[in-house]
Amino acid sequence: PASAAGAGTIKLNNGAGRSVYTSYEYVPEPVGYAVVEFASTLTGEASSGLDGGVRLDIELSNFPIVYRNTELVFDWGGEERSVSRLVSSDSSSTYFLVGVPPGTPGVVTVTVYPSGKADNNVSFPFTYIDDRLPTVTFSSPSVLYNSNGQD
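Residues numbered from 1 in each chain as written. Predicted model: local features only at pLDDT ≥ 70, side-chain atom pairs only at ≥ 80, totals over all residues. Heavy atoms only, no water.

(A) Region of the structure containing the overall build of the protein. A tally of helices and strands in the protein yields zero helices and 11 strands. In sequence order, the protein lays out its α and β elements as β-β-β-β-β-β-β-β-β-β-β. Computed over the C-alpha atoms, the radius of gyration of the protein is 27 Å, more than 25% above the 15 Å expected from 2.2 N^0.38 for a compact globule of 151 residues. Taken along its principal axes, the extent of the C-alpha atoms in the protein is 115 × 30 × 25 Å. Taking the contacts inside the protein whose residues are at least 6 apart along the sequence as the reference set, 56% of them involve residues at least 24 apart. With an accessible surface of roughly 10400 Å², the protein has 51% of that area assigned to carbon and sulfur atoms. When the 8 basic and 16 acidic side-chain charges of the protein are each reduced to a single mean position, those positions are 17 Å apart. (Helix = DSSP H or I, 4+ residues; strand = E, 2+ residues; numbered from the N terminus. Rg over C-alpha atoms; globule rule 2.2 N^0.38 Å. Contact = heavy atoms within 4.5 Å. Areas by Shrake-Rupley, 256 points an atom, 1.4 Å probe, with all protein chains shown as cover. Lys, Arg positive; Asp, Glu negative; His and termini not counted. Charge placed at Lys NZ, Arg CZ, Asp CG, Glu CD.)

Take a look at the structure:
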């Protein structure tokens, strides 16, 4: 039956008395919520500086098999983004890459789900770290000291 996982064989007839057999393995849709196995940039964390522009690797388990990156809906803090590359997707995991957009200091929620199946979504936090260096906006060549009459 279509609800039971396992292997099977299909017989194809060409109508002229010849048959071809092929085997298949049926894998049912996952039940329950997807799980984030990892989500990290090259630093090993789900974080980056404010400019973004780095690669974020994401691996999910208990996620439906997808065949194209366009089959993934990727929400970055309320803004839908595209998946840069679908690396692999099978019954054990789905692995893909995204580019980190620029952001403001703090944490945003990233949510992923297969298109048409929003109930099998998974979310994780992504942290933007303020990596900007302070800049001097004013400088004066003189300094005034007051010793209150004391030398």
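(B) Spatial organisation of the sheet that holds strand 11 (residues 122–129). Pairing is mixed in the open sheet, where five strands are placed in the order 4-11-10-6-7. The strands lining the two open edges of the sheet, one partner per strand, are strand 4 (47–49) and strand 7 (79–81). Neighbour-to-neighbour, the strand axes of this sheet turn through a mean angle of 30°, independent of strand direction. Pairing of strand 6 (residues 72–76) with strand 10 (residues 106–114), which is carried by five bridges, proceeds in the antiparallel orientation. Considered in strand 10, the bridge of phenylalanine 74 is made with valine 112. (Pairing = 2+ DSSP bridges. Axes fitted to C-alpha atoms, helices over the stretch in contact; angles between N-to-C directions.)

(C) Expanded view of the pattern of salt bridges. Scanning all chains against the criterion turns up four salt bridges. When the shortest N-O distance is used, the salt bridge between arginine 132 and aspartate 130 registers 2.9 Å. A relative accessible area of 56% means that arginine 132 is categorised as exposed. (Salt bridge = Lys/Arg side-chain N within 4 Å of Asp/Glu carboxyl O. Buried < 20%, exposed > 50% of the residue type's maximum accessible area, 1.4 Å probe, protein only.)

(D) View of the nonpolar core. Counting 23 residues, the largest nonpolar core has Ile58, Phe74, Trp76 and Phe96 as the members making the most contacts within it. Among the elements of the structure, strand 5 (55–61), strand 6, strand 9 (94–99), strand 10 and strand 11 are those that each provide at least two residues to this core. If one sorts the elements of this core by residue count, strand 11 sits on top with four residues. Tryptophan 76 has contacts with Leu56, Arg81, Val98, Val100, Pro101, Val108, Thr109, Val110, Phe126 and Tyr128, leaving out every residue within four places of it along the chain. (Core = buried A, V, L, I, M, F, W, Y, C linked by side-chain atoms within 4.5 Å.)

(E) The environment of valine 112, seen in detail. Its location among the elements puts valine 112 in strand 10. We classify valine 112 as buried; its relative accessible area is 0%. Along the primary structure valine 112 and glycine 32 are separated by 80 residues, whereas in three dimensions their C-alpha atoms are 14 Å apart. Once residues lying within four places of it in the same chain are set aside, the contact partners of valine 112 are Leu60, Phe63, Leu72, Val73, Phe74, Phe96, Asn120, Asn121 and Val122.

(F) Examining the environment of tyrosine 113 more closely. Summarising the element assignment, tyrosine 113 is placed in strand 10. Apart from residues no more than four positions distant in its own chain, tyrosine 113 is found in contact with Phe63, Glu71, Leu72, Val73, Ala118, Asn120 and Asn121.

(G) Geometry of the sheet that holds strand 5. Across the sheet, four strands lie side by side as 3-5-9-8; this open sheet has antiparallel pairing. Of all the strands in the sheet, just strand 3 (35–40) and strand 8 (85–89) have a single pairing partner and so form its edges. Strand-to-strand twist in this sheet, taken as the mean axis angle between neighbours without regard to direction, amounts to 15°.

(H) Main features of a nonpolar patch on the surface. Taken together, the side chains of Ile10, Leu12, Val20, Tyr24 and Tyr26 make up a nonpolar region of the molecular surface, amounting to roughly 450 Å² of accessible area. Elements with a minimum of two residues in the nonpolar patch: strand 1 (6–13) and strand 2 (19–26). In this structure, leucine 12 sits in strand 1. (Patch = residues over 30% accessible without salt bridge, like charges linked within 9 Å, V, L, I, M, F, W, Y side chains within 5 Å.)

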